[in-house]
Amino acid sequence: LQMHMNMQQQQQKQIQVPSLYVGNLSRQVTLPLLYEIFSGVGEVTNAKIITDKLTGESQGYGFVDYRHTYSAEMALNSLNGRNLYGSEIKLNWAAVATGKEDTSTHYHLFVGDLSPDVTDAMLWDAFKAFESLSEGRVMMDPAHNRSRGYGFVAFRDRAVCKTKLEWKLGGEWPL
């Protein structure tokens, strides 16, 4: 019963944040401009433009969260198709990502002294041979759009994580 109640509470939290997907954004649209446009409809609690981790360039889409659902509905109805820098923005309700695993209770291992060209995928590949790997993430410096030289890998099983602390390949890590 407790687990069922927790699942219901999590679902309600996900539904409570009225969030819009904003697609087909011109690369010229800035975060302050996005806030300004969407705040004209209602109280915006958060906005973000998705950028490339390495270049910092806009990926052409973002998200806007409103305090109230009716504000998000008004934005959806009044701003969808609006022309910004020659591009008609496409709005839709943001879908909650269900495919990504929650790793907050997993066992995380710090991986330091990474080469600046190491990506999330490369970090994952270096550890994928070990069962229970759930995440590989390189920490990025958003101000400079480059690797901070360290990252984390997460494992579902504590024993596997402990084994990784002792694992070496020819005396050195493979990255």
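In this report, we go over the structure that sits alongside the text. Per chain, residues are indexed from 1 in the order of the written sequence. For a predicted model such as this one, the threshold for reporting local features is a pLDDT of at least 70, and the threshold for listing and counting side-chain atom pairs is 80 or more; totals across whole chains, interfaces and linings nevertheless cover every residue. Neither water nor hydrogens contribute to the side-chain values; these are computed over all heavy atoms in the structure.

### Some points on the pattern of salt bridges
Here, a salt bridge means any side-chain nitrogen of Lys or Arg that lies within 4 Å of a carboxyl oxygen of Asp or Glu. Going through the model one piece at a time under the given rule, you end up with four salt bridges. Residue Glu43 pairs with Arg67 through a salt bridge whose shortest N-O separation is 3.0 Å. Note that Glu43 is positioned in the loop between α2 (31–39) and β2 (44–51) and Arg67 in the loop between β3 (58–66) and α3 (69–79), a separation of 24 residues in sequence. Relative accessibility thresholds used throughout: buried, under 20% of the residue-type maximum; exposed, over 50%; partly exposed, between the two (1.4 Å probe, protein chains only). By relative accessible area, which is 47% here, Arg67 ends up partly exposed. Ionic pairing is found between Glu88 and Lys90, a salt bridge with its closest N-O pair at 3.8 Å. A helix here means a DSSP run of H or I that spans at least four residues, while a strand means a run of E at least two residues long, and both kinds are numbered starting from the N terminus.

### Regarding helix α4 (residues 120–127)
Side chains that are three or four residues apart share a direction in an α-helix, a result of its 3.6 residues per turn. Those residues of α4 lying buried are Leu123, Ala126 and Phe127. The buried residues of α4 occupy an angular sector of 85° when projected down its axis, which confines them to one face. This arc corresponds to the set of directions leading from the helix axis out to the C-beta atoms.

### Details of the sheet that holds strand β1 (residues 19–23)
Only strands joined by at least two bridges in the DSSP assignment are considered to pair. Taken in spatial order, the four strands of this open sheet run β2-β3-β1-β6, and their pairing is antiparallel. Looking at which strands have only one partner, the edges of the open sheet turn out to be β2 and β6 (90–93). Across the sheet, the mean angle separating the axes of adjacent strands is 20° when strand polarity is ignored. Where β1 meets β6, four bridges bridge the pair, whose relative direction is antiparallel. In the strand pairing of β6, Val22 is matched with Leu91. Each axis is a line fitted through C-alpha atoms, taken for helices only over the stretch in contact, and angles between the N-to-C directions span 0 to 180 degrees.

### Description of the nonpolar core
General note: in soluble globular proteins, nonpolar side chains tend to be found buried as a group. Nonpolar cores are built from buried Ala, Val, Leu, Ile, Met, Phe, Trp, Tyr and Cys residues. Side-chain atoms within 4.5 Å join them into one set. Among the nonpolar cores identified, the biggest contains 20 residues, and Val22, Leu25, Leu34, Phe38, Val64 and Tyr66 are the most heavily contacted of them. Those elements giving two or more residues to this core turn out to be β1, α2, β2, β3 and α3. At four residues, α3 tops the list of elements feeding residues into this core. Here a residue-residue contact requires only that any non-hydrogen atoms of the pair lie within 4.5 Å. Apart from residues no more than four positions distant in its own chain, Leu34 is found in contact with Val22, Leu25, Val29, Ala47, Lys48, Ile49 and Val64. Membership of the second largest hydrophobic core comes to 14 residues, among which are Leu109, Ala126, Phe127 and Val138.

### Notes on the packing of aromatic side chains
Any pair of aromatic rings gets described here by the distance separating the centres and the angle formed by the planes. Stacked, edge-to-face and tilted labels apply to pairs of Phe, Tyr and Trp rings (six-membered ring for Trp) whose centres lie within 6.5 Å, assigned for plane angles under 30 degrees, over 60, and everything in between, in that order. One pass over the full model with this rule turns up seven aromatic pairs. Taken together, the aromatic side chains of Tyr21, Tyr61 and Phe63 make up a single cluster linked through ring pairs.

### Describing the sheet that holds strand β9 (residues 146–155)
With antiparallel pairing, three strands are arranged side by side in an open sheet as β7-β9-β8. Looking along the sheet, the strands with just one partner apiece sit at the ends: β7 (107–111) and β8 (133–141). Neighbouring strand axes in the sheet, compared pairwise and without regard to direction, differ in orientation by 25° on average. Relative to β8, α4 is tilted by about 145°, and along the sheet it contacts β7, β8 and β9.

### A few points about α2
Among the residues making up α2, those that are buried are Leu34, Ile37 and Phe38. All buried residues of α2 lie within an arc of 90° about the axis, which places them on one face of the element. For α2, exposure combined with an orientation more than 90 degrees from the buried face picks out Pro32 and Glu36. Looking at the packing, one finds that the buried side of α2 touches β1, β2, β3, α3, β4 (83–84) and β6.

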